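Read off the chains here:
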Amino acid sequence: MYYTADVHTHSHYAEKCSPLLCLESMYQWAQIKGINVIGTGDFTHPAWFKELQDKLEPDGNGLYKLKQPPQSPGIPGIKLTHNTVRFCLSAEISSEYIYNNKLRRIHNLLYAPDFDTAGQINARLAKFGNLSLNGRPTVTLSSRDLLELVISVSDRAYLVPAHAWTPWFSLFGSVGGYDSLDECFLDLTPHIFAIETGLSSDPPMNWLCSNLDHITLLSSSDAHSLENLGREVNRFDTEMSYDGMFDAIKTGIGFMGTLEAFPEKGKYSYDGHRICNMRLSPYQTIVNDGICPVCGKPVTMGAMYRLALLSDRVVPQQPARAADFDYIIPLPEILSELHGVGVKTKKIEAAYSKAINFAGNEFNLLKKMPLEDIHAWQPSLGEAIKRMRKEEVHCIPGYDGVYGSILLFPDGSHRPGKDQQGTLF
């Protein structure tokens, strides 16, 4: 069966994450977005782990369902479609340690098939860091030793490097990362079968590196708020189960690829200095020897620059086993551009509710619904979604922690007039 999975999320116990990130609200937003499997996030945190045990029950397939799913939509005016929503036990770990005289800061995702396995992982991890301080705890274990801990608990527990190309806290990051999988995971590298590309990279960028041809490229939201759930997701056509999902990831059979943000949207797409308002392409960074032209200090080197350094291909070459992908732009951002007001305004909230009720869920509107149906309902929205599907966009890349912009109408055209607004509101 076809389903979507966002398996990198967080709870309200994670630092800088919304206090609204609880199981019930995640369930509601999974319905709104069109997500079928969602990561619990943060199973290492003692209080969240207890909440997971109290509120979830096994579905018989290695995934979990809410004992008492909410019947309300979570957003006023939206009607829940009540699609199947399951939870997968997941967590993100920050490993900080010295390797080859360099401080390494690597984020890795952990997955467990059941509470017993997750509990054993927690008990062992507690020896290397205080798990109650943060939903995304910091441990002194190297990435290699963390992997060894996980697979020693269960051969059905997995580790996937998170947002692999961002400069901070990632496997290949320019600040504290490595130049290869082998350098990071050493003798245990064969146990790494997937990486998460992160918002600032996409599959074609990763296809520049032949040493990743055997690796499955995952994309999830890493959402710190409910609204960002599903900004990137994975697609499957296999049994909706823990083993079915990970077998598809490991073999490529049944893994249908990802829905991706345009990589320029990511906060670390280009290089630059936020405090100097200086955005640099990789070429400009090379010309400037990695120095900010304004202040003379080193710039933060983003995902595109790092990929340029480590790649061994001039153009992307899709591996034979690699799945396809499609780009998406979150619906609130499309509506915001159409109407010339902020994403979190009442006007966009009202338009979003109308659009979800029209289409059933966000992914259905963005990728599945016939364009003629959308155009008949709201012409300007139909034109916007057509441009997104055709990748007719204008990108202003993000840099040094500043999100980029993906524009469908850079000239400001196609904003709905008064007559069209009536269909949205």
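The next subject is the overall build of the chain. Helix and strand counts for the chain come out as 15 helices and 17 strands. Taken against the 2.2 N^0.38 rule, which gives 22 Å for 425 residues, the C-alpha radius of gyration of the chain at 21 Å falls within 12% of a compact globule. Here the C-alpha coordinates of the chain stretch approximately 65 × 60 × 40 Å along the principal axes. Burial status across the chain gives 58% buried among its 425 residues.

With 97 residues, the main nonpolar core has Phe43, Leu125, Ile195 and Leu381 as its most contacted residues. When neighbours within four sequence positions are excluded, Leu381 is seen to be in contact with Leu331, Ile334, Leu335, Leu338, Leu365 and Ile374. Counting 22 residues, the second largest nonpolar core, distinct from the first, contains Val37, Tyr111, Ala194 and Ala248.

Bringing helix α3 (residues 115-125) into the picture now. Burial in α3 covers these residues: Phe115, Thr117, Ala118, Ile121, Asn122 and Leu125. For α3, the buried positions fall inside an angular range of 160 degrees around the axis, keeping them on one side. Two or three places before Asp116, at the start of α3, stands the capping residue Asp114, its side-chain oxygen 3.3 Å from that residue's backbone nitrogen.

On to the pairing of strand β12 (residues 255-261). Burial analysis of β12 places six of its seven residues in the buried class, the great majority of the element. Pairing analysis gives four bridges linking β12 to strand β15 (residues 325-328), with the strands arranged parallel. Looking across to β15, one finds that Glu260 is bridged to Tyr327.

For the rest of this paragraph, the subject is the environment of His375. Within the element layout of this structure, His375 appears in helix α13 (residues 371-377). Here His375 falls in the partly exposed class, since its relative accessible area comes to 42%. With ten residues separating them in the primary sequence, His375 and Ile385 have C-alpha atoms 9.3 Å apart.

Next up on the list: the side chain of Asp59. The topology assignment puts Asp59 in the loop between β3 (56-58) and β4 (64-66). For Asp59, the side chain forms a polar contact with the side chain of Arg86, separated by 3.2 Å. Beyond its immediate stretch of four places on either side in the chain, Asp59 contacts Tyr64, Lys65 and Arg86.

Here we take up the confidence of the model for the chain. Averaged over every residue, the pLDDT of the chain is 95; the share at 70 or more is 97%. The low-confidence segment residues 417-425 (pLDDT under 50) makes 20 contacts with residues lying over four places distant or belonging to another chain.

What follows is about the packing of helix α2 (residues 46-55) against α3. A packed helix pair is summarised by two numbers, namely the angle formed by the two axes and the spacing between the axes. It is the contact of α2 with α3, at a shortest axis distance of 12 Å, that shows an interaxial angle of 170 degrees. Regarding the angle of α2 to α3, the classification is roughly antiparallel. Every residue of α3 that contacts α2 at Phe49, Leu52 and Gln53 is listed here: Phe115, Ala118, Gly119 and Asn122.

With that out of the way, let us pick up unusual backbone geometry. Positioned with a positive phi, Asn100 is a non-glycine residue whose angle comes to about 50 degrees. Among the secondary structure elements, Asn100 is positioned in the loop between β5 (86-99) and β6 (102-112). Among the residues examined, Asn100 registers a relative accessible area of 55% and is labelled exposed. One non-glycine residue, Leu186, lies in positive phi territory at about 55 degrees. Within the secondary structure, Leu186 is located in the loop between α5 (181-185) and β9 (194-196). The exposure class of Leu186 is partly exposed, given its relative accessible area of 39%.

For helix α11 (residues 346-359), spanning 14 residues, the distance from its first C-alpha to its last is 20 Å, which sits close to the expected 20 Å at 1.5 Å a residue. Among the residues making up α11, those that are buried are Ile348, Ala351, Tyr352, Ser353, Ala355, Ile356 and Ala359. Positive phi shows up at Gly360, right after α11, with a value of about 100 degrees.

To continue, consider the pattern of salt bridges. Evaluated as defined, the whole model comprises 18 salt bridges. Between Lys55 and Glu51 there is a salt bridge whose closest N-O contact spans 3.2 Å. Taken together, the residues Lys55 and Glu51, both in helix α2 and four residues apart, mark about one turn of the helix. Look at Glu51 and you get buried, because its relative accessible area is 16%. Members of the salt-bridge network, linked through shared partners, are Arg144, Asp145, Glu148 and Asp187.

Attention shifts here to the packing of aromatic side chains. In this structure the tally under the stated criterion is 17 aromatic pairs. Ring centres of Phe325 and Tyr327 lie 5.1 Å apart, and the angle between their planes is 80 degrees; this geometry places the pair in the edge-to-face category. Summarising the burial analysis for this pair, Phe325 and Tyr327 share the class buried. Ring-pair connections join several aromatic residues into one group, and the members of that group are Tyr111, Tyr158, Phe193, Tyr242 and Phe246. The residue whose ring lies beneath Arg104 is Tyr178, and the NZ or CZ to ring-centre distance is 4.4 Å. In this structure, Lys250 packs its charged tip against the face of Phe193, placed 6.0 Å from the ring centre.

This brings us to the environment of Leu133. Along the chain, the position of Leu133 falls in the loop between α3 and β7 (138-139). Relative accessible area serves as the criterion here: at 68%, Leu133 is assigned to the exposed category. A C-alpha to C-alpha distance of 7.9 Å links Leu133 and His45, two positions 88 residues apart in sequence.

Rules used throughout
Residues numbered from 1 in each chain as written. Predicted model: local features only at pLDDT ≥ 70, side-chain atom pairs only at ≥ 80, totals over all residues. Heavy atoms only, no water. Helix = DSSP H or I, 4+ residues; strand = E, 2+ residues; numbered from the N terminus. Rg over C-alpha atoms; globule rule 2.2 N^0.38 Å. Buried < 20%, exposed > 50% of the residue type's maximum accessible area, 1.4 Å probe, protein only. Core = buried A, V, L, I, M, F, W, Y, C linked by side-chain atoms within 4.5 Å. Contact = heavy atoms within 4.5 Å. Arc of directions from axis to C-beta. Polar contact = N/O pair within 3.5 Å; in protein donor to acceptor, adjacent residues only side chain to side chain. Pairing = 2+ DSSP bridges. pLDDT = per-residue confidence, 0-100. Axes fitted to C-alpha atoms, helices over the stretch in contact; angles between N-to-C directions. Parallel < 35°, antiparallel > 145°, perpendicular 65-115°, else oblique. Expected span 1.5 Å × (residues − 1). Salt bridge = Lys/Arg side-chain N within 4 Å of Asp/Glu carboxyl O. Phe/Tyr/Trp six-rings, centres within 6.5 Å; stacked < 30°, edge-to-face > 60°. Lys NZ or Arg CZ within 6 Å of the ring centre and 35° of its normal.

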